[in-house]
Amino acid sequence: MTLLQYFIVFLIFYLCVYALTDRICKCIEYCTGMKAHSNQQEETKYGASRKETCSEK
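Predicted, not measured: the structure shown is a model, and the values here were computed from it.

Right, let's talk about the overall build of the protein for a bit. Of the regular secondary structure elements, the protein holds 2 helices and 0 strands. Expressed as a percentage of the 57 residues in the protein, the buried residues total 2%. Accessible area for the protein stands at about 5800 Å²; split by element, carbon and sulfur atoms hold 66% of it.

Turning our attention to the pattern of salt bridges. Evaluation of the coordinates by the stated rule reveals 1 salt bridge. Among the ionic pairs, Lys 26 bridges to Asp 22, the shortest N-O distance being 3.5 Å. Here Asp 22 and Lys 26 lie together in helix α1 (residues 3-46), a separation of 4 residues that amounts to about one turn. Classification of Asp 22 as partly exposed rests on a relative accessible area of 30%.

A separate point is the state of the cysteines. If you walk through the whole model with that rule in mind, you get 0 disulfides. The closest cysteine sulfur to the non-disulfide-bonded Cys 31 is located on Cys 27, 4.1 Å from its own sulfur. What makes Cys 31 partly exposed here is its relative accessible area of 38%.

Glancing now at the packing of aromatic side chains. Counted under the stated rule, the structure contains 2 aromatic pairs. Both rings, one in Tyr 14 and one in Tyr 18, keep their centres 6.4 Å apart while their planes meet at 20°; by these two values the pair is stacked. Residue Tyr 14 and its partner Tyr 18 are located together in helix α1, separated by 4 residues, close to a single helical turn. A network of ring pairs unites the aromatic residues Phe 10, Tyr 14 and Tyr 18 as a single cluster.

Turning our attention to a nonpolar patch on the surface. A cluster of nonpolar side chains, Leu 4, Phe 7, Ile 8, Phe 10, Leu 11, Ile 12, Tyr 14, Leu 15 and Tyr 18, forms an exposed patch at the surface whose accessible area comes to about 980 Å². Relative to the elements of secondary structure, Phe 7 occurs in helix α1. Given a relative accessible area of 52%, Phe 7 falls into the exposed group.

Rules of the game
- Residues numbered from 1 in each chain as written.
- Predicted model: local features only at pLDDT ≥ 70, side-chain atom pairs only at ≥ 80, totals over all residues.
- Heavy atoms only, no water.
- Helix = DSSP H or I, 4+ residues; strand = E, 2+ residues; numbered from the N terminus.
- Buried < 20%, exposed > 50% of the residue type's maximum accessible area, 1.4 Å probe, protein only.
- Areas by Shrake-Rupley, 256 points an atom, 1.4 Å probe, with all protein chains shown as cover.
- Salt bridge = Lys/Arg side-chain N within 4 Å of Asp/Glu carboxyl O.
- Disulfide = S-S within 2.5 Å.
- Phe/Tyr/Trp six-rings, centres within 6.5 Å; stacked < 30°, edge-to-face > 60°.
- Patch = residues over 30% accessible without salt bridge, like charges linked within 9 Å, V, L, I, M, F, W, Y side chains within 5 Å.

So, in structure tokens, the structure goes:
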């Protein structure tokens, strides 16, 4: 293989790893945001978080 072929293979490998990592990070960010949003809706619905109501008892 020539140097140009090694460079092209490395570039393709790098792009695949980058795309996979980016997709995983976006998924984690989306899931975390949805959990935070659902917790915010729950607090609004009940007026207080469950931790606050449990610690008051």
